[in-house]
Each structure stands twice: as structure tokens, then as C-alpha cells.
Amino acid sequence: MNRMRKALVAISGGHFLVEWYAAFLPILVPVFRTRLGFSLGAAAALGASLPIVSGLVQTLFGLLSDHMQHANALIVTSSILSAVALALLPLARSFGWLLLIFTTIALSLAMFHPQAAADTSQLSSTNKGRFMSIFNFGGSMGSFVGSLVVIPLLGLLHLERFWILAIPGFALAIYQVFALPREQRTETRAANGSGGCMADSPAYKGYLMLVAAATLTAIVYNGVTILLPLLFQELGFLPSKAGIYLAIGSLAGAIANVIGAELSDHIGRRTINIIGATGLAFALLMFVLTGSTSIFWFPAMMFFGSCTLSSNIVFAHELVTNHRGLVSASIMGLSWGVGGLVVVLLGQWAQRTSILSSYRLLMGAAAAMVVVAFLLPTRHAIKAAFASVPAQEQG
């Protein structure tokens, strides 16, 4: 296995691991809610703490990774940190301790994503969408497996022996130490630039529109997935039912991520955004109209909500060519952090009304998402914007 493939395995494997651990937590919220007795609003806030912390703090790690000499240490540390946090899950005897563990795993997500995405974007000069899709496929499959096996593992190991699940995290960290491209950071900073102002990019306005599109997608995606286990608990379903739904949704998202990234290299990244936004809005509408328990429309939402995950990271790098770590964090982190904050508000609304009414509110965000997708810049507009820079300098 050559160096590039080893690095890709280390990165995508790390993505699988941190998302695998993180996928356990939302499904365990109803279990801990029964054990510890906290409110529906607190349960929604607990589930939302993952995207809030990982999203908002990820921006800081994006800035840090752009200026670190050995930024791949963040990837290795994230594997270790998430493993330690999961091993401590049996010790959660109060809401405060549980929130601390959730926050720690969210911190490992924030630490991992910016540098991992920046490394992935530089592994190949061609087919960047395809490489980024492999990176995100690892994360999607981690969510799929985690959602599917957490309740069976709970029955097999019980919380007291969840520390066994931390062993793969430590093993992967050892592999990452040797497989990640440790010496590439200085060269890539010189080639791609971590200095200058992001706003100087001629396509900066398009980048801001892309951040808005990613944020609206995150609001809908987070709202639907975080509230689903709580909705099913209110309806009297077993926790495993929500796990099956989320697992199938993650699998659909993994497939969509690969398809969307591959198509974006050929038909354009704006086109994929329009397809994803329109499909997600329609699937959400049908999910709500059918009582928010449809096993068909839920994975359809996850499919269309995930088809731009990889392509939008590459899209952002095309719109702003410097500060790759920060740019990656804004698409994968800041947008999802804001989405998590909105879910906290939705949880408070659900506490006063119902979870189903919160789902109806999400349809407004879905409608706005469709409008923003059509406002994204085309390939021609981006080329024209960058081509005008030398002409202006010559003038």
C-alpha cells in the first residue's frame, strides 16, 4: 500500500471511528433520560450539544490547523480523546457528567474534521470530489454502524463494560501516527497559502452563500435526527426503533455522499446543491404529512441532506483558495454548530407544544434552503471572477 492510500485509510478510518462513537449518544439519550429523569427540553439540548460544540469549536481548530507545524497531531489526539470519553460513559451518574462526556466526544469531532478534510483535499490534484467522498463515506458508515449496534451492544455489554469499545480508538491512533502525511504541512501551506484575507477572494460572496446553504441544511438535518429518538420515546416505541431509522438514514447518506461528490465533478457543485435542497425539502414535507414515522421518507431526507457533504467542502476550497482548515471548518463545523443551537430552541418549543410541531417549523428552513441553493455561483461565474483578478492588476 503506497503512502497516499495509507494516509487515506488513516483519515477515513478516523472519520469512521469518531462518528461511530458519536452515533451512540443520541440513541442513548432516551435511555439516560429514563434513568436520570431529566426533561424533554434538557434531552434535546443534550443531543444538540454534539453539533453545537463540535461545530462552533471546530472553527477554532480550523484556525489552529492552518498555523500548526504538525497539525496531524490533532487527528491522532481526536481518536484518543473520543475513546477515553466513551470509556467513561458508565460513570455518568448525573446530567452534568453526561453533558461533560457528550461535550468531550463533540470536542474530538471538532478536533478531527478541519485537518482531516484539509489533508484529504491535498492527497490528489484530480478527482477531489471523489477523494472527499471517500473521507466522508468513512464518517457516514461510522454513523450507520454506530446507530445500528448501540442498543444490541447495550444489551450485550451493558454500560459497565462499554470501555471495551474504546480499544479500537487507541489502536487506530497508533496506526495514524505512522500513516498520516506528517511532513507535508509546511509545503502545502506555502503552495496553498494560509495567509492573506479570506474576503480578498473574488468569489468570497459565493462562499458566504455556500455557508448559508450548508447552515440551513444542518438545521434541517440536525433537527430531524436529534429529535427522532425523543419523538419515538414519546410515541412509546423501543429505543432500537430509532436506532434502526438512524442507521438506515446514515447508510442512505453514505451512498448519497459518494453519488453527489462524483456527480459534482461532472455536472457542477451548484447543481448538486439544488438537487439536494429540493429533494430534502420535499422529503421533509412528505415525512411530516405521513405522521413523522415513515421508514421511506426518513432515509430519503438523509439521502438528499447528505449528497452535498463532500462536494460543498471542495466547493468552498474552490471559492476561497487559502485558509483551507478554516474554510473546511466553516462548512463542516460552524454551519452544524448553528444548526445544533436551533435544535435547542426547537426542543424548548417541543416542550411547550409537541415534537411534531417542531418538525413543521423545520419546513420553513427547508424552503429557504431551496432559495439559497439557486443563488449559489455557477462554474462560469467562478471562472469569470478569478479570471478578472489578473486583468485588474494589469490595469
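Scoring rules and cut-offs
Residues numbered from 1 in each chain as written. Predicted model: local features only at pLDDT ≥ 70, side-chain atom pairs only at ≥ 80, totals over all residues. Heavy atoms only, no water. Helix = DSSP H or I, 4+ residues; strand = E, 2+ residues; numbered from the N terminus. Rg over C-alpha atoms; globule rule 2.2 N^0.38 Å. Buried < 20%, exposed > 50% of the residue type's maximum accessible area, 1.4 Å probe, protein only. Salt bridge = Lys/Arg side-chain N within 4 Å of Asp/Glu carboxyl O. Polar contact = N/O pair within 3.5 Å; in protein donor to acceptor, adjacent residues only side chain to side chain. Contact = heavy atoms within 4.5 Å. Expected span 1.5 Å × (residues − 1). Bend = angle between axes of the 7 residues up to and from the residue. Phe/Tyr/Trp six-rings, centres within 6.5 Å; stacked < 30°, edge-to-face > 60°. pLDDT = per-residue confidence, 0-100. Axes fitted to C-alpha atoms, helices over the stretch in contact; angles between N-to-C directions. Parallel < 35°, antiparallel > 145°, perpendicular 65-115°, else oblique. Left-handed = near helix turned anticlockwise from the far one by under 90°. Nonpolar A, V, L, I, M, F, W, Y, C, P; charged D, E, K, R; others polar.

Draft legend 1. Quick peek at the overall build of the protein chain. Across its full length, the protein chain holds 15 helices and zero strands. Here the protein chain has a C-alpha radius of gyration of 20 Å; the compact-globule value for 395 residues is 21 Å, and the two agree. Once the C-alpha set of the protein chain is aligned to its principal axes, its extents read approximately 70 × 45 × 35 Å. Taking all 395 residues of the protein chain together, the buried fraction comes to 58%.

Draft legend 2. Layout of the pattern of salt bridges. Counted according to the given criterion, the structure contains three salt bridges. A salt bridge links Arg-33 to Glu-234; the shortest N-O distance between them is 3.4 Å. Taken together, the residues span a long stretch of sequence, with Arg-33 in helix α1 (residues 3–36) and Glu-234 in helix α8 (residues 204–234) at a distance of 201 residues. For Glu-318, the salt bridge goes to Arg-269, with nearest N and O atoms at 2.9 Å. Remark: Arg-269 occurs in helix α10 (residues 269–289) and Glu-318 occurs in helix α12 (residues 309–319); sequence separation between them is 49 residues. Here the salt bridges share partners, and the residues they tie into one network are Asp-265, Arg-269 and Glu-318.

Draft legend 3. Here's a closer look at the side chain of Asn-312. Within the secondary structure layout, Asn-312 lies in helix α12. Note on Asn-312: relative accessible area 4%, which makes it buried. Only 2.8 Å separates the side chain of Asn-312 from the side chain of Asn-273, close enough to count as a polar contact. Apart from residues no more than four positions distant in its own chain, Asn-312 is found in contact with Leu-210, Asn-273 and Ile-331.

Draft legend 4. Just unusual backbone geometry, in detail. The phi angle at His-158 is positive, at roughly 60°, despite the residue not being glycine. For His-158, the location among the structural elements is in the loop between α5 (128–157) and α6 (167–179). Accessibility expressed as a relative area gives 42% for His-158, which makes it partly exposed. One non-glycine residue, Ser-292, adopts positive backbone phi at about 60°. Considering the arrangement of structural elements, one finds Ser-292 in the loop between α10 and α11 (297–306).

Draft legend 5. Representation of α8 in the model. Compared with an ideal rise of 1.5 Å per residue, which puts 31 residues at 45 Å, α8 spans 45 Å between its outermost C-alpha atoms and is within 8% of the ideal. Along α8, the helix axis deviates most sharply at Leu-228, where the bend reaches about 40°; the proline Pro-229 sits within four residues downstream.

Draft legend 6. Representation of the packing of aromatic side chains within the structure. The final tally for this structure, using the stated rule, is 16 aromatic pairs. Residues Phe-112 and Phe-135 carry aromatic rings whose centres are separated by 6.1 Å and whose planes lie at 20° to one another, so their mutual orientation is stacked. Highlighted residues: Phe-112 in helix α4 (residues 95–121) and Phe-135 in helix α5, separated in sequence by 23 residues. The class for Phe-112 is buried, based on a relative accessible area of 0%. Of the residues examined, Phe-135 reaches a relative accessible area of 0% and is grouped as buried. Relative to Tyr-207, the ring of Tyr-204 lies with its centre 5.8 Å away and its plane at 35°, an arrangement referred to as tilted.

Draft legend 7. Structural view of the confidence of the model for the protein chain. The share of residues in the protein chain with pLDDT of 70 or more is 93%, and the mean pLDDT across the chain is 87. Taken as a whole, residues 391–395 scores under 50 in pLDDT and shows zero contacts with residues more than four places along the chain or in a different chain.

Draft legend 8. Seen up close, the environment of Ala-283. Its place among the elements puts Ala-283 in helix α10. Counting along the chain gives 20 residues from Ala-283 to Leu-263, while the straight-line C-alpha distance between them is 21 Å. Apart from residues no more than four positions distant in its own chain, Ala-283 is found in contact with Trp-297, Ala-300 and Met-301.

Draft legend 9. The arrangement of the packing of helix α2 (residues 40–67) against helix α13 (residues 324–352) in detail. Between α2 and α13, the shortest axis-to-axis distance is 7 Å and the interhelical angle comes to 165°. Comparing the axis directions of α2 and α13 gives the class roughly antiparallel. Like other packed secondary-structure pairs, α2 and α13 cross with a definite hand, here left-handed. Here the residues of the contact of α2 with α13 sort into 18 nonpolar, 15 polar and two charged.

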